[in-house]
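Report on the structure
Letter by letter, the chains look like this.
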Amino acid sequence: MSSTTTTKKEIIDFLWEWAETKGDWGKLLIDKVVTSENELSSTNRKEIFNYFLQSVRLRSGLPTLNIQKPTYTPTSKKIELTSLSEITGVNRLAPNQTIVFSKNLTVVFGENGTGKTGYARILKSLGFSYDTNNRILSNIFESSTPKVATIKYNLNGVEEDPFIWNGTNRNAELENISVFNNNCVQISLSDRQLIVSPIGFHLFSLVTSELNELANLLGSTIQQYPTQLGWVESLTDGTPQKDFISKLSSISTEQKLTELSNFTSGNEEELKNKQVELSCLNKALIQTEMQNYSASVLELNEIISIIQTAKTILNTTTAQTLIEFNNKITELKKNTQKGIKEIAESNGISFYETDQFQSFIKSAEDYIKILGKPHYPEQQDICIYCLQPLQPSAKELLNSYRILLNDKTQESLLDIRKQKNNLIDKVKSINENIVLHQPTFGTNENQKPIQPKELVDFKNNLRTFKNEFISDLIFDLSLHAIDYDAIIKFLLEKQQLIKSTLTQKKMLLDNLSSKETELKNKVAELTDRKFISLKIEEIKTAMKNHNITSVLSNNVSAFSTTPISRKTTEARDALVKSNFETIFNSELKYLRKSQIKIDLNFGTNQGHSKVSHKINTYSLLDILSEGEQKAIALSEFLTELQLDSIKASVIFDDPVNSLDHNIIDDLARRLLQLSTERQVVVFTHSILLFNSFLYFNKQPSFSGINCAFYNSKNEYEQTGIICNAEEINTLKDYISKINIIVNNTPKDRPEAEVAEDGYGYLRSAIELLVEHEIFQSTVKRYQKNIALTQFVKVDGSSVDTHKDKLNEIFERCCGYIKGHSNPIEIYNEPSITGLKVDFGDFKTIRAAFLKQ
């Protein structure tokens, strides 16, 4: 639907900003969308696409466009339903029923299962709703009949042609009808798109839709220029022709194509000769043997490399180094310093361990170094602080402190340990798992490669040496000598023997292999050259198509919807968000829920505005009661209606489920108020809501509102029997029914049975007489107020005069009606004669009160 609200700023400005980044085709698109306010025809879309092609130089000759920013006038309509009739094939709705809609408010009341929702479903299938499920079934207990309904409506006050609904067809004007039902609550309070497009915002959706269509057109255009050549696999791998064709692209040249496809009679003769020459060659077995020998050589190279690495890391030299490291560590551990504590205490220095004394000694040491006296104190030296001669004990203490302050033993110990650990880490990295996987020395009975004894012994010795080294168990170098050179020599000799055999095999094959390769390559190249020489035009077409599709593919982003979504967001933040929140808070206040602080967040998806709702980051569905959810969903629905300047009918199907009586009254007032702006239709089973409408409709503040009240009921197997709700259950209605019985007694039924019906009607008539005429509607059923202004009109003396007789007639009615049974001893059947007498007395009593 194209719907709008009046805004303070032209929405076209945002669309035009986007169009100016696209050039002529973008401006043309915006111009046509704004003009039509509908999806574009294929002709218009093709015109826009052609200007796009011209902008990327794939087309020329189109006239230059001089499009100015278009103006946009929001659509303004008023759509009112006048009647719904001639319904068949919808649920169990009875035929020949008509709902004539009031200009303002129409209320259809009925119990559950009386057909109200069937009527609402028809209207919902025509319009829009949060609930998009529009499946409508026929009477499932009977054979299916076609769905039909006649909808009459006015557009801007003018009667339109009746719309004949068939269950699937749509009407452009009636699509503006909005419907709210129970299913709308959960959908409404979830993250969703707005069902009503604010003023002009449907243009963003249209532009987005057209961009998607243009992108599809671009894709289909690319498909019109095939670049794949189905025969490319017929060419031989490795030939320049196969390489050229398989890599065909927009940068491929005709010059290269000519070079690779020229095929003369001389080439034809050469091809025949090479094919004959190639047919005489064979080499399979030699190739297999050479592959095996080559694998053995490579594996021996790897093993020799491993052994050589181990030789450089783990040998007698490194073992000796380890022993030396251990000796140095042992020696350093033995070096101890003279105890400062004993010297200090013997000289009465009790504070030698304090930070102040340590700082004092450190400062003195630094000063001695500045003086350049490395051997201080010497025989002639004096105290550097007091300049007095030093006593022998003082010299001894100073010497001990200087030795302590300049001692490097721990530092040396840490350094040697680090070097030792590094050496051990290198040894750990040695790979001693040396295994032959190639049958270099033959295979055993299990067809596994033989591991020669020399290699096995070496591997075991290496593993032992490595483990003892890592475990720091090296004490005697004579016990750990490994003859690396012997095993390397052993393997090199074997490798050289294999290489010699391989050389012999290669020499045997060389001429054969090289010649065969040469001939095969030549035959393949000539064959492919001849093949593509017959495909020149096809290849040129593919090259041209590559050029076109390359340009098109490089410009796919031109139709991206992301930029227009950003513009939608900008426009929504500037034009809608504040207005939406203001209206929404006002609607919450109407329904007494303004105390619930709801965080509304808006977003954009494919040009469509989205809204999400949270309370402190939590979903409303997770924390609110059903009544609160219903009230908030209604508030949001009413808010969205006000974003739309098209004033179309709004339908409510049982809108007050889960609402308390206070909010029901508030909603009744709100919908009466809304009906002054747009037509409102309510289907409800709530007697509270129905009576609220009846009550408020009679109040002065709503006196000018035109309302229609209907009752929907069942008769036998059919539902949706429509009658005027204000005429049912009235005193006049029951008197009319009794008159029919007493004046035209049916002869096809037993008298007692007909009399029972009459007494039932008379009982109801007495109840209504008491309520409306005797007590002047002071207290009315299903209405909460007591009309004390009516109470003063009650004729108390007449009540005293007639109450006993009226009560007597009422008790007789109760005894005769079908819902009541009497003991056998006092049972007697009612008669028409008795009914006439009691009905006469009733009318006499009534007349007494009508004289007031």
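Since this is a predicted model, take the numbers as computed values, not measurements.

1. Concerning the overall build of the protein
Assigned secondary structure in the protein consists of 29 helices and 16 strands. Within the span of the protein, comprising 852 residues, buried residues form 44% of the whole. A separation of at least 24 residues holds for 75% of the contacts in the protein among residues at least 6 apart in sequence. Approximately 45600 Å² of the protein is accessible, and the part contributed by carbon and sulfur atoms is 49%.

2. What about the side chain of Arg 678?
Along the polypeptide, Arg 678 turns up in the loop between helix H23 (661-674) and strand S14 (680-684). One polar contact links the side chain of Arg 678 to the main-chain carbonyl oxygen of Ala 648, over a distance of 3.3 Å.

3. Some remarks on the packing of aromatic side chains
Here the distance between the centres and the angle between the planes together describe a pair of aromatic rings. Counted according to the given criterion, the structure contains 19 aromatic pairs. Plain terms: the ring middles of Phe 180 and Phe 637 are 5.3 Å apart, the flat faces sit at 55° to each other, and that makes the pair tilted. Taken together, the residues Phe 180 in strand S8 (residues 178-180) and Phe 637 in helix H22 (residues 626-641) connect sequence positions 457 residues apart. For the pair Phe 180 and Phe 637, a shared accessibility class is recorded, and that class is buried.

4. Topic: unusual backbone geometry
Positive phi, close to 65°, is recorded for Arg 57, a residue that is not glycine. At Asp 472, a position not held by glycine, the phi torsion is positive, near 60°. Looking at where Asp 472 falls in the secondary structure, it is placed in the loop between helix H16 (453-470) and helix H17 (484-533).

5. Some points on the nonpolar core
In terms of nonpolar packing, the biggest core is built from 92 residues, with Trp 25, Leu 29, Phe 52, Phe 652 and Phe 693 touching the most fellow members. Here this core takes 9 residues from helix H6 (residues 201-223), the largest share from any one element. Contact partners of Trp 25, with chain neighbours within four places excluded, come to Trp 18, Ile 48, Tyr 51, Phe 52, Ser 55, Leu 211, Leu 214, Ala 558 and Phe 559. Ranked by size, the runner-up nonpolar core spans 34 residues in total, among them Phe 325, Ile 329, Leu 423 and Ile 434.

6. Some thoughts on a nonpolar patch on the surface
Residues Val 779, Ile 786, Leu 788 and Phe 791 make up a contiguous nonpolar surface patch of about 420 Å² in total accessible area. Mapped onto the elements of the fold, Phe 791 is located in helix H27 (residues 788-791). When its relative accessible area of 47% is taken as the criterion, Phe 791 is described as partly exposed.

7. Some points on the confidence of the model for the protein
Caution applies to low-pLDDT parts of the model: their predicted coordinates are not meant to be read in detail. Overall, the prediction assigns the protein a mean pLDDT of 84, with 88% of residues at 70 or greater. The low-confidence segment residues 1-7 (pLDDT under 50) makes 38 contacts with residues lying over four places distant or belonging to another chain.

8. Considering the sheet that holds S8
Taken in spatial order, the 7 strands make up an open sheet running S4-S8-S13-S14-S3-S15-S16, and their pairing is mixed. Lying at the two open borders of the sheet, with one neighbouring strand each, are strand S4 (128-129) and strand S16 (718-724). Across 5 bridges, the pairing between strand S15 (residues 707-715) and S16 is antiparallel. Across the sheet, Tyr 710 pairs through a bridge with Asn 724, a residue of S16. The sheet strands contacting H22 are S8 and strand S13 (650-653), and the helix crosses S8 at an angle near 175°.

9. Some remarks on the side chain of Glu 299
Examined against the element boundaries, Glu 299 turns out to sit in helix H10 (residues 284-313). We note that Glu 299 is buried and unpaired, the nearest opposite charge coming from Lys 459 at a distance of 11 Å. A polar contact of 2.9 Å, which involves the side chain of Glu 299, links it to the backbone nitrogen of Gln 438.

10. Regarding the packing of helix H26 (residues 751-774) against helix H28 (residues 796-816)
H28 packs onto H26 with a crossing angle of 150° between their chain directions and a minimal axis gap of 8 Å. Here H26 and H28 pass one another in a crossing that is left-handed. Contacts from Glu 756, Tyr 759, Leu 762, Arg 763, Ile 766, Glu 767, Leu 769, Val 770 and Ile 774 of H26 reach H28 at Val 799, Leu 806, Ile 809, Phe 810, Cys 813, Cys 814 and Tyr 816. Of the residues contributing to the contact of H26 with H28, the split by class is 13 nonpolar, no polar and 3 charged.

11. Quick word on the pairing of strand S1 (residues 79-88)
With 7 of its 10 residues buried, S1 lies for the most part within the structure. Relative to strand S5 (residues 148-155), S1 runs antiparallel, the two sharing 7 bridges. The partner of Ser 85 across the bridge, within S5, is Thr 150. Inspection of the sheet shows S1 paired to strand S2 (residues 99-100) by 2 bridges, in the antiparallel sense. Residue pairing in the sheet places Ser 83 in a bridge with Val 100 of S2.

12. Some remarks on the pattern of salt bridges
Within this structure, the stated rule accounts for 38 salt bridges. Taking the shortest distance from any N to any O, the salt bridge between Arg 170 and Glu 175 comes out at 3.5 Å. Exposure remark for Glu 175: the relative accessible area of 25% places this residue in the partly exposed category. The network of salt bridges with common partners includes Lys 805, Glu 808, Arg 812, Asp 838 and Asp 841.

13. Details of the packing of H28 against helix H29 (residues 832-850)
Contact geometry of H28 with H29 gives a least axis separation of 10 Å together with a crossing angle of 155°. The pairing of H28 with H29 is recorded here as roughly antiparallel in orientation. Judged by the twist between their axes, the crossing of H28 over H29 is left-handed. For the pair H28 and H29, the contacting residues are Ser 798, Val 799, His 802, Lys 805, Leu 806, Ile 809 and Arg 812 in the first and Asp 838, Asp 841, Phe 842, Ile 845, Ala 848 and Phe 849 in the second. Considered class by class, the residues forming the contact of H28 with H29 number 7 nonpolar, 2 polar and 4 charged.

Analysis parameters
- Residues numbered from 1 in each chain as written.
- Predicted model: local features only at pLDDT ≥ 70, side-chain atom pairs only at ≥ 80, totals over all residues.
- Heavy atoms only, no water.
- Helix = DSSP H or I, 4+ residues; strand = E, 2+ residues; numbered from the N terminus.
- Buried < 20%, exposed > 50% of the residue type's maximum accessible area, 1.4 Å probe, protein only.
- Contact = heavy atoms within 4.5 Å.
- Areas by Shrake-Rupley, 256 points an atom, 1.4 Å probe, with all protein chains shown as cover.
- Polar contact = N/O pair within 3.5 Å; in protein donor to acceptor, adjacent residues only side chain to side chain.
- Phe/Tyr/Trp six-rings, centres within 6.5 Å; stacked < 30°, edge-to-face > 60°.
- Core = buried A, V, L, I, M, F, W, Y, C linked by side-chain atoms within 4.5 Å.
- Patch = residues over 30% accessible without salt bridge, like charges linked within 9 Å, V, L, I, M, F, W, Y side chains within 5 Å.
- Salt bridge = Lys/Arg side-chain N within 4 Å of Asp/Glu carboxyl O.
- pLDDT = per-residue confidence, 0-100.
- Pairing = 2+ DSSP bridges.
- Axes fitted to C-alpha atoms, helices over the stretch in contact; angles between N-to-C directions.
- Lys, Arg positive; Asp, Glu negative; His and termini not counted.
- Left-handed = near helix turned anticlockwise from the far one by under 90°.
- Nonpolar A, V, L, I, M, F, W, Y, C, P; charged D, E, K, R; others polar.
- Parallel < 35°, antiparallel > 145°, perpendicular 65-115°, else oblique.

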